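# Analysis of the macromolecular model
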Amino acid sequence: MTHPIQAVKPMLRALLNVLFPVFCPICGRSIPDSEFLCTHCITTLPPIPKNYCLTCGTSTQGTVSECGTCLYEIGLPERVYFAFLYLEPLSKLIVRYKFHDRSEWAEPLADLLMERIGDLMHREDLEMVVPVPLHPLRLLWRGYNQAALLAGMLAKKLHRPFVTNALHRSKMTRPQTKLNQKARLINVQDAFVAKKATFADRTILLVDDVFTTGSTVWAATRALKDAGARRVVVCCLARVDY
Ligand SMILES: [Zn+2]
Ligand SMILES: [Zn+2]
């Protein structure tokens, strides 16, 4: 027999929706409080192109899984996964999530990511989930690390330990946004340190929110590999389209 509270739940939910309406953050339409986006806006999120280099994200021809450059690079992640392209309307949502105190969006954004690429993540033999860390001073300034919130949600959904105390940002770097690719690489060089005891011989899911040129996740990957990591799989919510 169902509990009486179950029977009135739909009514309570409808009443709460009237008292505290929830709106789609993209178009502003009223939506059920269990949803994040309206059914229309979900279909407008920019999917990732079918063929791209699984190490750096550059579009490739046909079924090639690694571009010519990455084939000969060492110390790169074994795989890079993206759920979406960093285009509107998603890019606007991510900016609000990151800079306008919308930390509560970490869970619905992680849900969107899992809907798109959860199957691929489950197929990887992951042992732990690690976010790209912020420098402590920047964390203090911003109040939260958007990559860590997202990574925490992914760890929960993938049932893997969430590790935040073993990969650190040791160098305060300039924001990457105004730098070109070469300057970005130099800027984050040796910016991370990783604990051997935690990462030696492990397969790690490294999480960031946005992948631009890859220089940040590659620098973090190098630190993990220097600490002995066996495989580094990178997962980002969105990749900048270039
Ligand atoms: Zn909408
Ligand atoms: Zn590549």
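Rules and cut-offs
- Residues numbered from 1 in each chain as written.
- Chains lettered and ligands numbered in written order.
- Predicted model: local features only at pLDDT ≥ 70, side-chain atom pairs only at ≥ 80, totals over all residues.
- Helix = DSSP H or I, 4+ residues; strand = E, 2+ residues; numbered from the N terminus.
- Rg over C-alpha atoms; globule rule 2.2 N^0.38 Å.
- Contact = placed C-beta atoms within 7 Å.
- Core = buried A, V, L, I, M, F, W, Y, C linked by C-beta atoms within 7 Å.
- Buried ≥ 20, exposed ≤ 12 C-beta atoms within 10 Å, placed from the backbone.
- Axes fitted to C-alpha atoms, helices over the stretch in contact; angles between N-to-C directions.
- Parallel < 35°, antiparallel > 145°, perpendicular 65-115°, else oblique.
- Left-handed = near helix turned anticlockwise from the far one by under 90°.
- Nonpolar A, V, L, I, M, F, W, Y, C, P; charged D, E, K, R; others polar.

## A short note on the overall build of the protein
A count of helical and extended segments in the protein gives ten helices and eight strands. A compact globule built from 242 residues would reach a C-alpha radius of gyration of about 18 Å, and the protein, at 19 Å, matches this within 12%. With the C-alpha coordinates aligned to their principal axes, the bounding extent of the protein is approximately 60 × 40 × 40 Å. Expressed as a percentage of contacts within the protein between residues at least 6 apart in sequence, the contacts between residues at least 24 apart total 70%.

## Topic: the nonpolar core
Judged by nonpolar contacts, the single largest core of 58 residues is most densely connected at Leu 150, Leu 154, Leu 206, Val 207 and Leu 224. Counting residues per element, this core draws most heavily on helix α7 (residues 146-158), at nine residues. Discounting residues that sit within four places of it in the chain, Val 207 has contacts with Val 129, Pro 131, Val 132, Ala 147, Leu 150, Ala 151, Leu 154 and Cys 235.

## Re the packing of helix α5 (residues 106-123) against α7
Between α5 and α7, whose axes approach to 9 Å, the crossing angle comes to 50°. On the basis of the axis angle, α5 is oblique to α7. When the axes of α5 and α7 are compared, the crossing they make is right-handed. Listed contacts from α7 to Ala 106, Glu 107, Leu 109, Ala 110, Met 114 and Met 121 of α5 are Leu 149, Leu 150, Met 153, Leu 154, Lys 157 and Leu 158. Split by residue class, the contact of α5 with α7 holds ten nonpolar, no polar and two charged.

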